[in-house]
Amino acid sequence: MKYLCLIYDEEKKLGGMSKTESDAFMGEYFAFTEGIRKSGHYVAGEALQPVQTATSVRVRSGKVSTTDGPFAETKEQLGGFYMIEARDLNDAIQIASKIPSAKLGTVEVRPVVDFSTQPQA
Amino acid sequence: MEGDARDSIRERVDEVYRTESRRVLATLIRLLGDFDLAEEALHDAFMAAIEQWSAEGVPANPRAWLVSTGRFKSIDAMRRRARFDASLGELAARIEAAAADIPEPDLDAVDGVDDDRLRLIFTCCHPALPADAQVALTLREVCGLTTEEIAHAFLTGAPTVAQRIVRAKSKIRDARIPYQVPARTDLPDRLDTVLRVVYLVFNEGYSASSGTSLTRHDVSAEAIRLGRLLVELLPEPEAMGLLALMLLHESRRAARTTPDGELILMDEQDRSLWNRGQIDEGAELVGRALASRRIGPYTLQAAIAALHAEAPSASQTDWTQIVGLYDVLARADPSPVVDLNRAAAVAMRDGPQAGLALIDAILARGDLADYQLAHSARADLCRRLGKTDEARASYRRALELTRQQPQRRFLERRLRELKPGV
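As the structure is a computational prediction, the values presented were derived from the model and not from experiment.

1. A look at the overall build of chain A
On a plain count of helices and strands, chain A comes out with three helices and six strands. If you list the helices and strands of chain A from N to C, you get β-α-α-β-β-β-β-α-β. Here the C-alpha coordinates of chain A stretch approximately 50 × 45 × 20 Å along the principal axes. Looking at chain A as a whole, 27% of its 121 residues qualify as buried. Residue pairs at least 24 apart in sequence account for 76% of intrachain contacts in chain A once pairs closer than 6 positions are excluded. Total accessible area computed for chain A in this model is approximately 8100 Å², and 57% of it derives from carbon and sulfur atoms. Taken together, the 14 basic and 16 acidic charged side chains of chain A have centroids lying 3 Å from each other.

Structural data, given as structure tokens:
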């Protein structure tokens, strides 16, 4: 079963890191990604540009409106994600707990809908 | 004659339902992989039992019969449902395949059944479920309480409880929370969650002492039953500690209130009303938990409760040892409430002045400014020291923070008993 791990970090906290600290942090990410590739859990994963680059798009009455920034202002911002293949939620939680940002921010684990096994109502 | 026979079969089925239905359900959830399917299967199996046992007699192993019948009925129902709806053809095929995958239950394996009950407990108390849903789901699935009974116990509406249970079950299914006992490395954390749920259920029944006390008592009894089940299935020291703590609290129930529902504090209780059987069982469990040398907060609290329970009076209580246990507890599981209880014990050991100094220090930190018991404990010590004005102010503050009727009446009585102020 696939789970999406959404990584929320405090950009301020990350921005405040020294060069050595942020290099070490990136190193942890490389090691983590390598680990889940080897174990077969890795499906995909990306890091995102900072939230100041975000644009929200809505279509209302056929009109496209674009606004600066994310949908909601929060203390922690979505900074990246991993899509993983896990046996069950416990397995997924195990993996999510090893994402380096789990120590600083929050990782939200969301099961992905598998339309091939959903009953067609 | 025939009617009599049917009545006696019904009685037998009722009895089997009481003793076995939760075990059967726990196994069916594992075999069918779904709470709702398993509940339906359980119901169908008991319906079939009433009919078939009347004709053929009660089987030698009713539990095995119920598991295997429930499983068969469920697969059968799935196939039938698929046949009546052509659009479900593909689904039917998958269900057939799934049915073939469902393992034959090992009907002799008693261990397997106990494992299933533990699986059920750990799944209902999975930390990915909201806390109120953990409680509702545990009472519903593990204890077999109805939604109405749970709603009554927690003073909420039945629809609210029903919705919590439905949401929890969908999360178990959709997020695929596994039906398993956690791995050894996760066990301490996961057991903590289970114990917290059990203690929450217990306190819900214990702290209530007003009009609804009768039914709420049942909630405490249910928590104790859960505690016993845990100790039986997973004899971890803290599970024993929690069961002991609940038994030792429960042992004082008859002495805690007057016949008309007024609160009586421990030092004024009639100790001959304390339940000796529960005290002995609790003390024995404390001994076993302490002997494990893996001592946690529940065991420490139970050890304190055991010292109270074994003392002939408040003044003849081993306050030195109680203060010592609170010191250990404050290190193992620090909290301002533990500090407050320790202060009350120090007041008994060294006199009210020493206790008052500690309580004032706790209040000065601001931790318990809105905690009723901190102010009533302070008031009590001031009263004993003859500081009537301070006592009055603290009783009034406590009264402002109290909603429970018996507590309010107790505080109002104490206020009236104070000598008129200057």
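2. Some thoughts on the interface of chain B and chain A
Opposite the 11 residues of chain B that make contact, chain A presents 11 residues. Note on chain B versus chain A: buried area summed over both sides is about 930 Å², and carbon and sulfur give 50% of it. Along the contact surface separating chain B from chain A lie four residue pairs in polar contact (both at pLDDT 80 or more). When grouped by side-chain class, the residues that make up the side of chain B that touches chain A number four nonpolar, two polar and five charged.

3. Comments concerning the nonpolar core
By size, the foremost hydrophobic cluster in this structure holds 117 residues, and its most contacted members are Tyr82(A), Ile84(A), Leu66(B) and Met246(B). Every residue in contact with Met246(B), bar those within four places of it in the chain, is listed here: Val198(B), Tyr199(B), Phe202(B), Ala223(B), Ile224(B) and Gly227(B). Formed by 21 residues, the second largest nonpolar core is a distinct cluster that contains Leu340(B), Tyr395(B), Leu415(B) and Leu418(B).

4. Overview of unusual backbone geometry
Here Ser61(A), not a glycine, exhibits a phi torsion of approximately 50°, which is positive. Residue position: Ser61(A) is located in the loop between β3 (55-60) and β4 (63-68). Even without glycine at this site, Arg176(B) takes up a positive phi of about 55°. Summarising the element assignment, Arg176(B) is placed in the loop between α8 (158-174) and α9 (187-206).

5. Here's the deal with the environment of Leu226(B)
Residue and element names in this part refer to chain B. Along the polypeptide, Leu226 turns up in helix α10 (residues 213-233). Taking C-alpha positions, Leu226 is 9.4 Å from Thr138, a pair spaced 88 residues apart along the chain. Excluding anything up to four places from it in sequence, Leu226 contacts Thr138, Val142, Cys143 and Val198.

6. Points about the state of the cysteines
Scanning the model with the defined rule gives zero disulfides over all chains in all. Here Cys124(B) is not disulfide-linked; the sulfur of Cys125(B) is the nearest cysteine sulfur, at 6.4 Å.

7. Regarding helix α15 (residues 319-332) of chain B
Residues and elements named next belong to chain B. Compared with the 20 Å implied by 1.5 Å per residue over 14 residues, the 20 Å span of α15 between its first and last C-alpha is a close match. The set of residues buried in α15 consists of Trp319, Ile322, Val323, Leu325, Tyr326 and Leu329. The arc that holds the buried residues of α15, viewed along the axis, is 160°, so those residues lie on one side. Opposite its buried face, α15 presents the exposed residues Thr320 and Arg331, each directed more than 90 degrees away. Tucked inside the fold, the buried residues of α15 contact α14 (297-310) and α16 (336-350).

8. Observations regarding the pattern of salt bridges
Residue and element names in this part refer to chain B. Tallied over the full model, the rule gives 39 salt bridges over all chains. Across the salt bridge formed by Glu222 and Arg225, the nearest N and O atoms sit 2.9 Å from each other. Residue Glu222 and its partner Arg225 are both found in helix α10; the two are separated by three residues, about one turn of the helix. A relative accessible area of 13% places Glu222 in the buried class. Residues joined by salt bridges that share partners form a network here, namely Asp34, Asp36, Glu39, Glu141, Lys169 and Arg173.

9. What to know about the side chain of Asp91(A)
Residues and elements named next belong to chain A. Mapped onto the fold, Asp91 is located in helix α3 (residues 89-96). Within the buried core, Asp91 has no salt-bridge partner, and the shortest N-O distance to an opposite charge, that of Arg87, equals 4.2 Å. Excluding residues within four positions of it along the chain, Asp91 makes contact with His41 and Ala86.

About the thresholds
Residues numbered from 1 in each chain as written. Chains lettered and ligands numbered in written order. Predicted model: local features only at pLDDT ≥ 70, side-chain atom pairs only at ≥ 80, totals over all residues. Heavy atoms only, no water. Helix = DSSP H or I, 4+ residues; strand = E, 2+ residues; numbered from the N terminus. Buried < 20%, exposed > 50% of the residue type's maximum accessible area, 1.4 Å probe, protein only. Contact = heavy atoms within 4.5 Å. Areas by Shrake-Rupley, 256 points an atom, 1.4 Å probe, with all protein chains shown as cover. Lys, Arg positive; Asp, Glu negative; His and termini not counted. Charge placed at Lys NZ, Arg CZ, Asp CG, Glu CD. Buried area = accessible area lost by both parts, 1.4 Å probe. Polar contact = N/O pair within 3.5 Å; in protein donor to acceptor, adjacent residues only side chain to side chain. Nonpolar A, V, L, I, M, F, W, Y, C, P; charged D, E, K, R; others polar. Core = buried A, V, L, I, M, F, W, Y, C linked by side-chain atoms within 4.5 Å. Disulfide = S-S within 2.5 Å. Expected span 1.5 Å × (residues − 1). Arc of directions from axis to C-beta. Salt bridge = Lys/Arg side-chain N within 4 Å of Asp/Glu carboxyl O.

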